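Descriptive structure summary
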Amino acid sequence: MKRSAPTIKEIAQKLNISVSTVSKAIHNHPSIGLTTKERVQKLAKELNYVPNQAALHLKHQKSSVIGVILPKLIDQFFSLTVNGIEDYALKNNYNVFTTQSHESLTREKELVAIMQRAQVDGVIVAVSKETTSYDHFNALENAGIPVVYFVRQPKEAMLHNWVSSNVYEAAGKAVDFLIAQGHTRIAHLKGPDSLLTSKHRYDGYMEALGRNNIAYDADLVKICDLTKAGTQKAMKELLQVDEPPTAVLCFKDYMVLDAMQFLRKQSQTNQKKIEFIGFGNLPMFEYFDEKPLASLDERPYEIGEKAISLLLKLINGATEEGIQNINLECKLIVH
């Protein structure tokens, strides 16, 4: 017959003390003497006592679990943000429940429902490329579960808490650098229009062209769907322009990799070299013989840290500033 799990009541009976004293001793309450704490904790260890997390949740109305929704964990950029989230969470006695939407709005909504059923204390999310309505996240907040958006800012950004990098200024910085290198035919592989961060990158690109007196050419801007096939189609179209670009600013570094691979497979031996700058500064570039010209470091680990720091303040009611929008400066890394 399987032995039932030990309880606080059982420990109290064995030590001839009250249940409340045992509970306080197990949780290191300052009102309990050191000798009593040691006796209780020693017996609890011998009996393999494990606190009832469900009961603790009902008592304190906290699960000590943070939900995280990412587009794709395989993306090294998002893996680094999770590292920042988890490290900060562990230091503050929280666990992290990490999930992936795979860029699907349907899956994202399913994950939100799972988070709510699991009674997580809060949610950190980088929305999918299909997300245009935020009703499912608003429902979470209406249920008392705070939400912090990160990396990909939500529409109506001023109405939500978010942490991101200043990609508008970063895009301009990248274009300035390319112009300083002698490039005037600078293309932009833009992300999906559903993402506000795509607009910010594009606006920064446009502003930099203008301040450097370089005419805008609509043929040099292509919208990509974040797939390999979409990027390669865009590159093929750029090569067919009467005066092809000599440099390309890409939405992200994975797009750079797909574009560079496409060029390597082309049979045009007289094709001029095209330089690339993307967002992400992927650590894997260290091992590449052929690197892009430069990359924009969006500081993903710090974004993760700041996102969970803000979320914990919201959970604990420690924010007096109201809605917070945090934008980190990107760093241009020349390879």
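Residues numbered from 1 in each chain as written. Predicted model: local features only at pLDDT ≥ 70, side-chain atom pairs only at ≥ 80, totals over all residues. Heavy atoms only, no water.

This paragraph deals with the sheet that holds strand β7 (residues 221–223). Overall, mixed pairing links the 6 strands, which are arranged β7-β6-β8-β9-β10-β12 in an open sheet. At either end of the open sheet lies a strand with only one pairing partner, and these are β7 and β12 (331–334). This sheet shows a mean twist of 15° between the axes of neighbouring strands, independent of strand direction. (Pairing = 2+ DSSP bridges. Helix = DSSP H or I, 4+ residues; strand = E, 2+ residues; numbered from the N terminus. Axes fitted to C-alpha atoms, helices over the stretch in contact; angles between N-to-C directions.)

Quick look at the side chain of Arg 185 now. You can see Arg 185 is positioned in the loop between α8 (167–180) and β6 (186–190). Owing to a relative accessible area of 14%, Arg 185 belongs among the buried residues under this scheme. Looking at Arg 185, its side chain comes within polar contact range of the side chain of Asp 217, at 3.0 Å. Within the structure, the side chain of Arg 185 is placed 2.6 Å from the backbone oxygen of Glu 243, a separation counted as a polar contact. Beyond its immediate chain neighbours, meaning those up to four positions away, Arg 185 contacts Asp 217, Leu 220, Val 241, Glu 243, Pro 244, Pro 245, Thr 246 and Ala 247. (Buried < 20%, exposed > 50% of the residue type's maximum accessible area, 1.4 Å probe, protein only. Polar contact = N/O pair within 3.5 Å; in protein donor to acceptor, adjacent residues only side chain to side chain. Contact = heavy atoms within 4.5 Å.)

When two helices pack together, you describe them by how their axes are tilted relative to each other and by the distance separating the axes. Direction vectors running N to C along α8 and helix α9 (residues 196–211) enclose 40°, while the axes themselves pass 7 Å from each other. The orientation of α8 relative to α9 falls into the category oblique. In terms of crossing hand, the pair formed by α8 and α9 is right-handed. Across the interface between the two elements, Val 167, Tyr 168, Ala 171, Gly 172, Lys 173, Val 175, Asp 176 and Ile 179 from α8 touch Thr 197, His 200, Arg 201, Asp 203, Gly 204, Tyr 205, Glu 207, Ala 208, Leu 209 and Arg 211 from α9. Per-class residue counts for the contact of α8 with α9 are 8 nonpolar, 4 polar and 6 charged. (Parallel < 35°, antiparallel > 145°, perpendicular 65-115°, else oblique. Left-handed = near helix turned anticlockwise from the far one by under 90°. Nonpolar A, V, L, I, M, F, W, Y, C, P; charged D, E, K, R; others polar.)

Bringing the pattern of salt bridges into the picture now. In this structure the tally under the stated criterion is 15 salt bridges. Of the charged contacts in the structure, one is a salt bridge between Glu 103 and Arg 152, with a shortest N-O distance of 2.9 Å. Note that Glu 103 is positioned in the loop between β2 (95–100) and α6 (105–117) and Arg 152 in the loop between β4 (147–150) and β5 (162–165), a separation of 49 residues in sequence. Taking the relative accessible area as the measure of exposure, Glu 103 reaches 10% and is therefore buried. The exposure class assigned to Arg 152 is buried, which follows from its relative accessible area of 4%. (Salt bridge = Lys/Arg side-chain N within 4 Å of Asp/Glu carboxyl O.)

A word on the nonpolar core. Core analysis: the biggest nonpolar cluster contains 60 residues, and Val 123, Phe 137, Leu 189, Tyr 205, Met 235, Leu 249 and Phe 276 have the highest contact counts within it. For this core, the leading source of residues is α8, giving 8 residues. With sequence-adjacent residues up to four places away left out, Phe 276 is seen in contact with Met 235, Val 248, Cys 250, Val 256, Ala 259, Met 260, Leu 263, Pro 292, Leu 293 and Ala 294. Counting residues in hydrophobic clusters, the runner-up holds 23 residues, among them Val 68, Val 163, Ala 307 and Leu 311. (Core = buried A, V, L, I, M, F, W, Y, C linked by side-chain atoms within 4.5 Å.)

On to unusual backbone geometry. Positive phi outside glycine occurs at Val 151, with the angle close to 70°. For Val 151, the position within the fold is in the loop between β4 and β5. Located in the positive-phi region is Arg 299, a residue other than glycine, with phi close to 60°. Take Arg 299: it is sitting in the loop between β10 (294–297) and α12 (300–315). In this structure Arg 299 comes out as buried when scored by relative accessible area, which is 18%.

The parallel open sheet is built from 6 strands, whose spatial order is β2-β1-β3-β4-β5-β11. Both outer strands of the open sheet, β2 and β11 (325–328), are each paired with one neighbouring strand and no more. Direction aside, neighbouring strands of the sheet carry axes that sit 15° apart on average. In the sheet, strand β3 (residues 122–125) pairs with β4 via 3 bridges, with the strands oriented parallel. Of the residues in β4, the one forming a bridge with Val 125 is Tyr 149.

The side-chain alternation of β10 yields two buried faces, one formed by Ala 294 and Leu 296 and the other by Ser 295 and Asp 297. Summarising the sheet, β10 and β12 pair through 4 bridges and their orientation is antiparallel. By the bridge assignment, Asp 297 is partnered in β12 with Lys 331.

Time to look at the side chain of Asp 121. For Asp 121, the location among the structural elements is in the loop between α6 and β3. For Asp 121, a relative accessible area of 7% translates into the label buried. For Asp 121, the side chain forms a polar contact with the main-chain nitrogen of Ser 64, separated by 2.7 Å.

Below, the discussion takes up the packing of helix α1 (residues 8–15) against helix α3 (residues 34–46). Relative to each other, α1 and α3 sit at 120°, their axes nearing to 10 Å. The orientation of α1 with respect to α3, classified from their angle, is oblique. α1 and α3 meet at a crossing whose hand is right-handed. Residues Ile 11, Lys 14 and Leu 15 of α1 form the contact with α3, whose participating residues are Arg 39, Val 40, Leu 43 and Ala 44. Classifying every residue of the contact of α1 with α3 by side-chain character gives 5 nonpolar, no polar and 2 charged.

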